[in-house]
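# Residue-level structure breakdown
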Amino acid sequence: MLSPQQIDELTSFALELGDVAAAVTLPHFRSGLSVDNKRGQYAFDPVTAADRDAETAIRRLIGERYPDHGILGEEHGNHDGASDLTWVIDPIDGTRSFISGVPLWGTLIALNDGTRPVIGLMEQPYIGEKFLGRPGGSELIGPHGTVPLKTSGCTKLEDALLGNTDPGMFHLDGEKAAFRELSSKVKLRRFGGDCYFYCLLAAGTLDLVVESALQPYDIQALIPIIENAGGIVTDWKGGDAQQGGQVVAAATRELHEAALAILSQAASN
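This write-up is about the structure you can find in this document. Along each chain, residues carry numbers from 1 onward, in the same order as the chain's sequence is written. Only residues with pLDDT of 70 or above have their local features reported here, since the model is predicted, and side-chain atom pairs are shown and tallied only from 80 upward, although totals for entire chains, interfaces and linings are computed over all residues. Just so you know, side-chain values use all the structure's heavy atoms and leave hydrogens and water out.

### What to know about the pattern of salt bridges
Basically, it comes down to this: Salt bridges are defined by distance alone: a side-chain nitrogen of Lys or Arg within 4 Å of a carboxyl oxygen of Asp or Glu. Only DSSP runs of H or I covering at least 4 residues are called helices, and only runs of E covering at least 2 are called strands; the numbering of each starts at the N terminus.
According to the stated counting rule, one finds five salt bridges in the structure shown. Asp 19 is the partner of Lys 130 in a salt bridge, and the nearest nitrogen-oxygen pair spans 2.9 Å. On the criterion of sequence distance, the pair formed by Lys 130 in strand 8 (residues 129–134) and Asp 19 in helix 1 (residues 4–25) is long-range, its members being 111 residues apart. Here Glu 139 and Arg 134 are joined by a salt bridge, their closest N and O atoms 3.7 Å apart.

So, in structure tokens, the structure goes:
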């Protein structure tokens, strides 16, 4: 278990990594940079030089400062370290937003202690916001100062504001039906938010986020941000969400249980 002093040190380092990434990504944003498709002819999974170069810069600094730490990143894969500690990084979560000029993308940086993510950072450098979570609390560091994050008190689906990046991520018929049923019961639905919606849940302006087909680097940084703001993040069975897949994040346990009552019917085995 990491000591409070280690948590402070590694949290400061995570913020430093975010700044290193921002120095790479920001010059490319709304610049008309070229886009590659990682999946080829039949699906569009965009990646840019900003994604690759930002992850390279993050990895370089981790290697210099903590050479025994492991690294798992979207663009350059897995590097096993001698330590139990692993940095889990997505240099640009929301590349579709990035290439569209929409400022809802972010750099995700998590520190996993070998059991679960304990520090999480989502940095959106274009609007100057850093959502940070670690043991003891979550906070937003932004143009208006630093404010603590706290999820809303919403407990009922009919009062909930639901976020989702794209309903097209639900490929299975059961997933589609479950999401359609759930979204028909909420007060408001919003789409296209990527990692930013999870941070708005931690900030108390959204109440529920439901997604599928996530990777570990899509969700691990967001778990400490939400949990240390009072929320809950699990898979659709109510289990550990750190490996991605089907994910539900909720402001309260009551709202989470109401969502699971619907989503668990379509949970993956």
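### Some words on the packing of aromatic side chains
What counts, and what does not: Whether two aromatic rings pair depends on their centres lying within 6.5 Å, for rings of Phe, Tyr and Trp, where Trp uses its six-membered ring; planes under 30 degrees apart make the pair stacked, over 60 edge-to-face, and the rest tilted.
Evaluated as defined, the whole model comprises nine aromatic pairs. Put simply, the rings of Phe 29, Phe 98, Trp 105 and Tyr 126 touch in pairs and so form one group of aromatic residues.

### Brief notes about the side chain of Asp 218
Definition in use: Relative accessibility under 20% of the residue-type maximum defines a buried residue, over 50% an exposed one, and the middle range a partly exposed one, all with a 1.4 Å probe and only protein chains included. The definition of a polar contact used here is a pair of N or O atoms within 3.5 Å, where within protein one atom must be able to donate a hydrogen and the other to accept one, and adjacent residues in sequence count solely through side-chain atom pairs. Between two residues, a contact is recorded if the distance between any of their heavy atoms is within 4.5 Å.
As for its position among the elements, Asp 218 is in helix 6 (residues 216–219). Relative accessible area serves as the criterion here: at 15%, Asp 218 is assigned to the buried category. Polar contacts involving the side chain of Asp 218 include one to the main-chain amide nitrogen of Gln 215, which spans 2.7 Å. If we ignore the near neighbours within four places in the chain, the residues touching Asp 218 are Asp 90, Asp 93 and Leu 108.

### Points about the pairing of strand 15 (residues 245–250)
For the record, the criterion: Paired strands are those between which DSSP finds at least two bridges.
Most of strand 15 is tucked away, with five of its six residues classed as buried. Where strand 14 (residues 232–235) lies against strand 15, four bridges are found, and the strand directions are antiparallel. Residue pairing across strands places Asp 235 opposite Val 247, the latter belonging to strand 15.

### A look at the packing of helix 1 against helix 2 (residues 49–65)
Heads up, the condition is: Angles run from 0 to 180 degrees between N-to-C directions of axes, and those axes are lines fitted to C-alpha atoms, restricted for helices to the stretch in contact. By the definition used in this description, the sense in which the near helix is turned from the far one sets the handedness, with an anticlockwise turn below a right angle giving left-handed and a clockwise turn giving right-handed.
Contact geometry of helix 1 with helix 2 gives a least axis separation of 9 Å together with a crossing angle of 145 degrees. For the element pair helix 1 and helix 2, the recorded crossing hand is right-handed. Contact residues: helix 1 offers Phe 13, Glu 16, Leu 17, Val 20, Ala 21, Val 24 and Thr 25, while helix 2 offers Ala 50, Asp 53, Ala 54, Ala 57, Ile 58, Leu 61, Ile 62 and Arg 65.

### A look at helix 8 (residues 253–263)
The following threshold applies: By construction, the arc corresponds to the directions joining the helix axis to the C-beta atoms.
Three or more residues of helix 8 are buried, namely Leu 255, His 256, Ala 259, Leu 260, Ile 262 and Leu 263. Buried residues in helix 8, looked at end-on, bunch into an arc of 160 degrees, giving them a common side. Those residues of helix 8 that are buried are in contact with helix 4 (173–185), strand 13 (208–214), strand 14 and strand 15.

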